[in-house]
Amino acid sequence: MKTEKQITKTPTSKKEITIAIAGNPNAGKTTLFNVLTGLRQKIANYPGVTVERKEGIWKLEGESLQLIDLPGLYSLDVTSLDEQIACDVLTGKVPNLPQPDAVIAVVDATNLERNLYLVTQILEFRIPVVVALTMMDSAEKQSLQIDAKKMSELLQVPVIPVIASQKQGIQELSSAVMKAAKTETLPHIPWLADSEYILEDDEIHLSLSDDAAANKKIFARYNFISEVYQESVKQLNTVERNVSEKIDGFLTHKFFGLIILVGILLLVFQTIFSWASLPMDLLENAFGALGDFVRTTLPEGMLNDLIVDGIIAGVGGVLVFLPQILLLFLFLSILEDTGYMARAAFLLDKLMSRFGLHGKAFLPLLSSFACAIPGIMATRTIENPKDRLATIMIAPFMSCSARLPVYSLMIATFFAGQSFFGFISVGAVLMLAMYAFGVLTAIIAAFIMKRTILKSPPPPFVMELPPYRLPNLRTVFQNMLTRAGLFLKRAGTVILAISIILWAITYFPRTANTEVLMANDANGNPPSVEEIQKANEDFRQSEQIKNSYAGRIGHVIEPVIQPLGFDWKIGVALIASFAAREVLVSTLSIIYNVGKDENEESETLISAIKDAKKEDGTPVWTPLTALTLMVFFVLAMQCMSTVAVVRRETNSWAWTLFMVGYMTILAYIAAFLTYQGGKFLGFG
Amino acid sequence: MNLAKLSIGKEAKVIKINGNSAITRRLMEMGVIPGVSIKVIKTAPFGDPIEVRVRGYSLAMRRNEAETIEVSE
Ligand SMILES: Nc1nc2c(ncn2[C@@H]2O[C@H](COP(=O)(O)OP(=O)(O)OP(=O)(O)O)[C@@H](O)[C@H]2O)c(=O)[nH]1
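A short tour of the structure in this document, coming up. (Residues numbered from 1 in each chain as written. Chains lettered and ligands numbered in written order. Predicted model: local features only at pLDDT ≥ 70, side-chain atom pairs only at ≥ 80, totals over all residues. Heavy atoms only, no water.)

### Structural notes on the packing of aromatic side chains
So, point 1. Taken as a whole and assessed by the stated rule, the structure comprises eleven aromatic pairs over all chains.
So, point 2. Between tyrosine 117 of chain A and tyrosine 222 of chain A, the ring centres sit 4.9 Å apart and the planes meet at 20 degrees, which makes this aromatic pair stacked. Of this pair, tyrosine 117 of chain A sits in helix 3 (residues 112–124) while tyrosine 222 of chain A is found in helix 8 (residues 212–232), placing the two residues 105 residues apart along the sequence.
So, point 3. For tyrosine 117 of chain A, a relative accessible area of 0% gives the class buried.
So, point 4. Through pairs of rings, three or more aromatic residues link up here, namely Phe397, Trp655, Phe658 and Tyr662 of chain A.
So, point 5. Across from the ring centre of phenylalanine 447 of chain A, 3.8 Å away, lies the NZ or CZ of arginine 451 of chain A, which sits over that ring.
So, point 6. Over the face of the ring belonging to tyrosine 222 of chain A we find arginine 55 of chain B, whose NZ or CZ atom lies 4.0 Å from the ring centre. (Phe/Tyr/Trp six-rings, centres within 6.5 Å; stacked < 30°, edge-to-face > 60°. Helix = DSSP H or I, 4+ residues; strand = E, 2+ residues; numbered from the N terminus. Buried < 20%, exposed > 50% of the residue type's maximum accessible area, 1.4 Å probe, protein only. Lys NZ or Arg CZ within 6 Å of the ring centre and 35° of its normal.)

Structure follows, in structure tokens:
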């Protein structure tokens, strides 16, 4: 690419330089990318596919270069989506993305041969390459002596040793890249030109693979690489078993390995629940205070109600989960960057494959116990699209933290203080049973889907077990920040819109007699009438709900949910909880006239639920109704944010709707069987 | 003999890779090609997958995949 030899400045007027970063997974790409771009980066999706694209601005010699982070790759033969995308980028086929002027090939110095394979392939695209030889510190520790100059001569590209985590070698790398981007000489690829590296046809009986020409190339590249390796790398004094292997002996031990794995899981789980609760309470209080403030500052009226009950309550209700999501991503990044994640997949692959799941599905499913959203985002590590889909489709069956308030309310209302045999709490057993029920359903659903709609040969499991490394704090935190940003963006768009819609259908049409009541209230009643005032207000709210669109929908769907033992009021709460599960609690409070500030432990809500009567005077709720509702909540897809994320991650409305549909139908059937079966057996 | 039968701690040379699937290709790209030496490090707790060492790094694969790799000690 010819660019004028201007002396810096006026970078806008001329063509922007584009640089791609490529490398094997775990080679240190992300760390280097972060060092080069700092916070000037953004995540976008490649058009039409779900693979993320990370782009950043690299300020260099007064110019801003566009830096593209390619997915982690082992090769450029198009057998996976990531490889396809990388090829498209390198050949300039991606819309709105110019062909890179040069490529930084990130090469892990401790794993040279395999890393160099990708370099040879990039060079075959005839794009200038600069090799960034990362992990030089680790190489030194392993007594590897690497002659970068010699390597550069043999490869005929610049080879720059760097330690990205310590920002060493960045200066040298920068100038080499700048030079490469402006060069016009094409790279040499001796391994395909020189017969020395190429096998004779009759020597290619070594593999049954039918594509002899492709195999020939693989051999030629590795032959060339072996030569480069032998001439530029020396192993000084043979190292004793390195630290990584010693750690590994423990962590993947037949017995201890599994115990440690369970221990780590419990720790992560426990921390997400306990550490997150403080910031979550703070956030909840903050949103409450904000709501109160706005309610009292803004003039009364629809706008006030919209902002307080619709926007602040709705968006706030979702944002309180931010601490949990951040903590989860903190753990995920640490587990990933240390190299432990690959070991967890290694330990559990056999077990998971019985259900048709990939070993790598384990972590996303675990995360989903906190929240399905990060769980579903974490499925990206599963390469096979069908395996990934299967995992996404079952992830929401894991009982997430938003279901807890619902379970708690039901248990507190109907099963508090009861026990089996005098010492096993019924509540605890029920709670555990709900979690187990979700897991069991997920396993069965995966099993069935992998044999029908998502049928594919058993997923190949060929996975690198990267050396254990200390995670780079900067990378970990930057990853958390990026995730938080994506989550906030969603809260600001999809969730905001849904909150407003939900508010509107409970707010409109306005009930006429509320005006009368409010007018009376406004006439300066003495404080002694406060109770009446509250009763009036509660009555007004309940009338409002009943006559609102939501209330009407509740009445319309009543025949459908009657076989589950639910009346129209529960129906309204169910509809509202399709936005987010925990909304059930606040909606029930509104419907049962107990004011909105009730939580799942509130006495008044509990007694209101117990006292609720049907028109014939029989109670609406029985323990069986409560159990039925819990069963419904285990299985039903009631979370708009999850729906939005599934849409984004699968890039398909069909799959998204399928998921909402099959989960909700399953939930209905299970709830139906629970209620009718229970009634048949004489409960309720 | 195939790689799945190689005992733990033993080193061998790859002679041939049987199969023409994408995974055969992947194995070759990751450096498992005839002539290279390969060593079995351990098996996972449930007997599958196995971990091997090749070209200085660790690779995990299922026994199914290992069976396609012919080796000689
Ligand atoms: N010792 C050392 N460690 C490094 C260096 N660069 C990165 N690391 C560590 O190596 C691990 C992997 O680095 P990443 O930057 O996440 O690697 P990546 O290539 O982006 O990996 P993927 O995201 O899986 O593609 C992390 O734990 C880093 O902290 C380095 O120069 N020296």
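Right, picking up where we left off after that structure.
### Description of the site of the ligand
Residue and element names in this part refer to chain A.
So, point 1. In the vicinity of the ligand there are 19 residues, among which Gly28, Lys29, Thr30, Thr31 and Asp137 approach most closely.
So, point 2. Within the backbone of methionine 135, one N or O atom sits 3.3 Å away from an oxygen atom of the ligand.
So, point 3. The side chain of serine 138 places a nitrogen or oxygen atom 3.3 Å from a nitrogen atom of the ligand.
So, point 4. Protein chains shield 86% of the accessible area of the ligand, which is 650 Å² for the free molecule.
So, point 5. Every element with two or more residues in the shell around the ligand is listed here: helix 1 (29–37) and helix 4 (136–141).
So, point 6. Partitioning the shell around the ligand into residue classes produces seven nonpolar, eight polar and four charged. (Near = heavy atom within 4 Å. Polar contact = N/O pair within 3.5 Å; in protein donor to acceptor, adjacent residues only side chain to side chain. Areas by Shrake-Rupley, 256 points an atom, 1.4 Å probe, with all protein chains shown as cover. Nonpolar A, V, L, I, M, F, W, Y, C, P; charged D, E, K, R; others polar.)

### Description of empty space enclosed by the protein
Residue and element names in this part refer to chain A.
So, point 1. On inspection of all chains with the given rule, the structure shows five cavities of 30 Å³ or more.
So, point 2. One number sums up the size of the largest cavity: a volume of about 180 Å³.
So, point 3. Lining the largest cavity are 20 residues, with Phe321, Cys371, Ile373, Ala402 and Cys639 positioned closest to its centre.
So, point 4. Listed by contribution, the elements that provide at least two residues to the lining of the largest cavity are helix 15 (372–377) and helix 27 (640–650).
So, point 5. Looking at side-chain class alone, the lining of the largest cavity contains 13 nonpolar, four polar and three charged residues. (1 Å grid on protein atoms, 1.4 Å probe; cavity = no way out; pocket = protein on both sides within 12 Å on 5 of 7 lines; lining within 4 Å. Points joined across faces, edges and corners; volume = space filled by probe spheres on them.)

### Some remarks on the sheet that holds strand 4 (residues 57–61) of chain B
So, point 1. With antiparallel pairing, six strands are arranged side by side in an open sheet as 12(A)-4(B)-3(B)-2(B)-1(B)-5(B). On the outer flanks of this sheet lie strand 12 (462–465) of chain A together with strand 5 (69–72) of chain B, each paired with one strand and no other. On average, adjacent strands in this sheet sit at an angle of 40 degrees to one another, irrespective of strand direction.
So, point 2. Its contacts with the sheet place helix 13 (residues 340–353) of chain A against strand 12 of chain A together with strand 2 (37–43), strand 3 (50–54) and strand 4 of chain B, and it is angled at close to 135 degrees to strand 12 of chain A. (Pairing = 2+ DSSP bridges. Axes fitted to C-alpha atoms, helices over the stretch in contact; angles between N-to-C directions. Contact = heavy atoms within 4.5 Å.)

### So, helix 2 (residues 81–90) of chain A
So, point 1. Most of helix 2 of chain A sits inside the fold, with seven of its ten residues counted as buried.
So, point 2. Among the residues of helix 2 of chain A, those classed as buried are Glu83, Ile85, Ala86, Cys87, Asp88, Val89 and Leu90 of chain A.
So, point 3. Structurally, helix 2 of chain A contributes buried residues whose contacts are with strand 4 (63–69), strand 5 (102–108) and helix 3 of chain A together with helix 1 (22–29) of chain B.
So, point 4. Just downstream of helix 2 of chain A, glycine 92 of chain A is the residue with a positive phi angle, here 75 degrees.

So far we have only geometry, and geometry alone does not tell us how the molecule works.
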